[in-house]
Amino acid sequence: MQPRNMIALLLLALLAVLPLLTQAFDQRYLLSVGTRIVIWSIAAVSLNMILGYGGLVSFGHAAFFGIGGYAVGILSAEGIQNGWLQWPVALAASMLWAALVGALSLRTRGVYFIMITLAFAQLVYYLASGLEGYGGDDGLNISRSRFAGLLDLRDKATFYWLCFALLCGTLWFCGRLANSRFGTVLRGARANELRMTALGFPVFRYRLVACVIAGAFGGLAGILIANEGAYVSPAMMSWVKSGDLIVIVVLGGIGALFGPLYGAIVFFALEETLKPFLDLLHKGWGEYWQIVFGPLLVLIALHARGGMASLLRRRDG
Amino acid sequence: MVEPLLSTDRLVKHFGGLLATDDVSIDVRPGEIHALIGPNGAGKTTLVGQLTGLLAPDSGTIRFAGRDITRLPTHARVRLGLGRSFQITSVLREFSALDNVALAVQAHQGHSFRFLADVRRDRALRTAAQGGLDAVGLGARAAMPAAALSHGEQRQLEIAMALAGEPKLLLLDEPTAGMGVEESQRMVETLRGLKRSCGMLLIEHDMDAVFALADRITVLVYGRVLFCGTPDEIRRHPEVRQAYLGEDGA
Ligand SMILES: Nc1ncnc2c1ncn2[C@@H]1O[C@H](COP(=O)(O)OP(=O)(O)OP(=O)(O)O)[C@@H](O)[C@H]1O
Ligand SMILES: [Mg+2]
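The structure presented is a predicted model; accordingly, all values stated were derived computationally and were not measured.

When you look at the overall build of chain A in this model, what are you seeing that I'm missing?
When helices and strands are counted, chain A shows 14 helices and two strands. Computed over C-alpha atoms, the radius of gyration of chain A comes to 19 Å, within 12% of the 20 Å expected from 2.2 N^0.38 for 317 residues, which places it in the range of a compact globule. By the burial criterion, 54% of the 317 residues in chain A qualify as buried. Counted over contacts in chain A with a minimum sequence separation of 6, partners at least 24 positions apart contribute 75%. Approximately 14200 Å² of chain A is accessible, and the part contributed by carbon and sulfur atoms is 67%.

Sorry if this is basic, but what is going on with the interface of chain A and chain B here?
Accessible area lost upon the coming together of the parts is a frequently used measure of interface size. Facing the 27 residues of chain A at the interface are 32 residues of chain B. Summed over both sides, the interface of chain A with chain B buries roughly 2800 Å², with 64% coming from carbon and sulfur. Of all residues in chain A, the largest losses of buried area upon contact with chain B belong to Arg181(A), Arg195(A) and Leu199(A), amounting jointly to 30% of the total for that side. Where chain A packs against chain B, one counts two salt bridges. We note a salt bridge from Arg195(A) to Glu158(B), for which the minimum N-O separation is 2.8 Å. At the level of elements, helix 7 (156-178), helix 8 (181-191), helix 9 (193-199) and helix 10 (203-229) of chain A are the ones that each hand at least two residues to the side of chain A that touches chain B. The residue inventory of the side of chain A that touches chain B, partitioned by class, reads 15 nonpolar, seven polar and five charged.

I tried to follow the confidence of the model for chain B on my own but got confused; where do I start?
A low pLDDT means the predicted coordinates there should not be read in detail. This prediction gives chain B a mean pLDDT of 91; 96% of its residues lie at or above 70. The ipTM, which scores confidence in the relative placement of chains, is 0.86 for this predicted complex, and the corresponding pTM is 0.90.

How should I be thinking about the sheet that holds strand 8 (residues 169-173) of chain B in this particular structure?
The pairing of strands in a sheet comes from backbone hydrogen bonds and takes either a parallel or an antiparallel form. Residue and element names in this part refer to chain B. An order of 7-8-9-4-10-11 is seen for the six strands of this open sheet, with the pairing classed as mixed. Each edge of the open sheet carries a strand with a single partner, namely strand 7 (82-85) and strand 11 (224-229). The sheet shows a mean angle of 15° between the axes of neighbouring strands, taken without regard to direction.

Sorry, what's going on with the site of ligand 1 here?
All names here are of chain B. The environment of ligand 1 is made up of 13 residues, and the closest members are Gly41, Lys44, Thr45, Thr46 and Gln87. Within the backbone of Gly43, one N or O atom sits 2.9 Å away from an oxygen atom of ligand 1. Out of a free accessible area of 640 Å², ligand 1 has 61% covered by protein chains. Listing elements by their share of the shell around ligand 1, those giving two or more residues are strand 2 (18-24) and helix 1 (44-52). Ranked by residues supplied to the shell around ligand 1, first place goes to helix 1 with three residues. In terms of residue class, the shell around ligand 1 is built from four nonpolar, seven polar and two charged.

Just checking my understanding: could you explain the coordination of the magnesium ion (ligand 2) for this structure?
Ideal donor angles around a metal are set by the shape: a four-donor tetrahedron calls for 109.5 degrees, a six-donor octahedron for 90 or 180 degrees. Looking at the magnesium ion (ligand 2), one finds its protein donor set to be Thr45(B) (OG1) and Gln87(B) (OE1), positioned 1.9 to 2.1 Å from the metal centre. Residue Thr45(B) is located in helix 1, and its partner Gln87(B) is located in the loop between strand 7 and helix 3 (97-108); the two are separated by 42 residues in the primary sequence.

Teacher, can you tell me more about the layout of surface pockets here?
Empty space among the atoms becomes visible once a probe the size of a water molecule is rolled across them. Put simply, the largest pocket is a space of about 1300 Å³. Along the walls of the largest pocket sit 43 residues, with Tyr53(A), Ala178(A), Asn179(A), Leu257(A) and Arg120(B) positioned nearest its centre. At the level of elements, helix 1 (3-16), helix 3 (28-53), helix 7, helix 8, helix 12 (259-281) and helix 14 (307-316) of chain A together with helix 3 and helix 4 (123-135) of chain B are the ones that each hand at least two residues to the lining of the largest pocket. Residue contributions to the lining of the largest pocket peak at six residues, all from helix 7 of chain A. Class assignment for the residues of the lining of the largest pocket results in 20 nonpolar, 12 polar and 11 charged. Looking at the second largest pocket, its volume works out to about 430 Å³. Elements supplying a minimum of two residues to the lining of the second largest pocket: helix 3, helix 10, strand 2 (231-232), helix 11 (239-252), helix 12 and helix 13 (289-303) of chain A. Partitioned by chemical class, the residues of the lining of the second largest pocket number 12 nonpolar, three polar and five charged.

Any chance you could explain empty space enclosed by the protein here in plain terms?
All names here are of chain A. By the definition in use, this model includes two cavities of 30 Å³ or more. Approximately 150 Å³ is the volume attributed to the largest cavity. Forming the walls of the largest cavity are 18 residues, and the residues nearest its centre are Ser58, Phe64, Val101, Thr117 and Cys211. Looking at the lining of the largest cavity, the elements with two or more residues in it are helix 4 (62-77), helix 5 (83-105), helix 6 (110-129) and helix 10. Here the lining of the largest cavity gets five residues from one element, more than from any other, and that element is helix 5. For the lining of the largest cavity, the residue count by class is 11 nonpolar, seven polar and no charged.

Mind showing me how you'd approach the packing of aromatic side chains here?
Both the distance between ring centres and the angle between the ring planes are used here to describe each pair of aromatic rings. All names here are of chain A. Applying the stated criterion across every chain, the model contains 18 aromatic pairs over all chains. Arranged with centres 5.6 Å apart and planes meeting at 80°, the rings of Trp40 and Phe268 form a pair that is edge-to-face. With a gap of 228 residues between them, Trp40 in helix 3 and Phe268 in helix 12 connect regions that are remote in the sequence. Trp40 sits in the buried class, given a relative accessible area of 6%.

Explain the environment of Gly175(A) here, please?
All names here are of chain A. The topology assignment puts Gly175 in helix 7. Looking at Gly175, the relative accessible area reads 17%, which means it is buried. Distance from Gly175 to Leu123, taken between C-alpha atoms, is 32 Å for residues 52 residues apart in sequence.

Rules and cut-offs
- Residues numbered from 1 in each chain as written.
- Chains lettered and ligands numbered in written order.
- Predicted model: local features only at pLDDT ≥ 70, side-chain atom pairs only at ≥ 80, totals over all residues.
- Heavy atoms only, no water.
- Helix = DSSP H or I, 4+ residues; strand = E, 2+ residues; numbered from the N terminus.
- Rg over C-alpha atoms; globule rule 2.2 N^0.38 Å.
- Buried < 20%, exposed > 50% of the residue type's maximum accessible area, 1.4 Å probe, protein only.
- Contact = heavy atoms within 4.5 Å.
- Areas by Shrake-Rupley, 256 points an atom, 1.4 Å probe, with all protein chains shown as cover.
- Buried area = accessible area lost by both parts, 1.4 Å probe.
- Salt bridge = Lys/Arg side-chain N within 4 Å of Asp/Glu carboxyl O.
- Nonpolar A, V, L, I, M, F, W, Y, C, P; charged D, E, K, R; others polar.
- pLDDT = per-residue confidence, 0-100.
- Pairing = 2+ DSSP bridges.
- Axes fitted to C-alpha atoms, helices over the stretch in contact; angles between N-to-C directions.
- Near = heavy atom within 4 Å.
- Polar contact = N/O pair within 3.5 Å; in protein donor to acceptor, adjacent residues only side chain to side chain.
- Donors = N, O, S within 2.8 Å, 3.2 Å for Na, K, Ca; no water.
- 1 Å grid on protein atoms, 1.4 Å probe; cavity = no way out; pocket = protein on both sides within 12 Å on 5 of 7 lines; lining within 4 Å.
- Points joined across faces, edges and corners; volume = space filled by probe spheres on them.
- Phe/Tyr/Trp six-rings, centres within 6.5 Å; stacked < 30°, edge-to-face > 60°.

Here's what the structure looks like:
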């Protein structure tokens, strides 16, 4: 086994026992940070699939947070609490949205692709804001999905482990996908689209399917976010969140399987430390932690082109 | 008379005010090497673009292997057996030579909506790809990234990729462009060896290569077919000699 994978496995092992650690050291809050890291990693891993392998810079990935989340939220508000019903509906809605956005945006390239995916995400954002029956701008308190007798999502540790298991599944799937026939086509099309077309690949179809798969995982993350806070609101899919997801992917290392996980850990660790630190300097400054984070990101972009994943790799070599 | 493998009927293509393809009707028979020559900007690449489906003609039709493909998308034409190489070398630079050909083989084996099995452990795929590399003399280069291959080797790699699709017809846009004499000769040999297995539409500026390979030659000037005939007829044709070969002929 390569040392690089060792680091990733060690990290996963650590995440696997996180609830035990936070309980032992009585750091409940850390568990909630951990939960967020794990959930965001799921979304970032899926974004990395289309952005890293596919070269498609989607600036609307947080829309899937919203769609997955609101599907759960709306069903819950309508009295359907059963997770076996909620989750498939939420996933289907996310995939449908991905197919729709993909079908239109994949006809464009470069900056236009970025703008169109952003525009569609904003559409969902304003749509959710306009849902007066479901809280409008203020959002909606919901009760968590029920998996009768199987899982109680209200239990923080149980919920964390569920998220962690889903992250492992996501990593496993995306790792396999990267080296599959499908993944090879996706990477080939990023490297040289014209060539792939000339070889006989209907590139558009492959990219569309990639978007739908990524949409499903994005929606899954949305379902989990909704269940984490028992709350959904338009804010969960603001364009800032889409930007954060891109930042996490870039920070971790574009196209590296575990990159998004590293990225998410660093991102949230910085948020959690910079915020209180700035607040300590001056009350209220914490909100602007990204002003400090921004230049840091630039430094990382300049000195570690491949993100955290490449830093770890260099250590091995 | 055999039905031609590929034929165009009165193809026309404008770029704004520029008439790049002017009423072009040509055909390629099975197993034939049909050379397309003409000065820079004559519209040769533009014609290939329309044949492959990258460019849509303004009017006219294209038939291939017995069916009208004028409106077919590129990937569907490739599936029917229309392979190509590019005037400007086009390979996947970060991929190894073997992976380049493996992708071509993969394209030929039907859809690639397979998400879990590892291509690197796909014996059949690897073997077929290695065979393709061997056939163009790149067998020993399999593990090298395509970008690290010499220019001539990259062009050979393109041929291997085109051949992996088992094409009935190869569209070759200046396969020897930018090559040294030796590399050129190797390419000519490679193409000669392929002649029986597929037809070719060969765009080429190197007249030695053209006369060594072609069964028929079409001369294109300002988007129009000036003349079409055997190499001997071309050599004798006064207008062609003047317009293209220069007064001293070939
Ligand atoms: N996409 C395009 N848009 C506008 N004009 C174009 C385009 N592609 C080619 N042309 C023009 O059409 C004409 C034919 O170009 P083409 O590349 O087909 O010539 P060619 O015969 O392949 O030349 P060469 O021997 O230099 O490769 C040229 O005048 C060229 O400038
Ligand atoms: Mg040309």
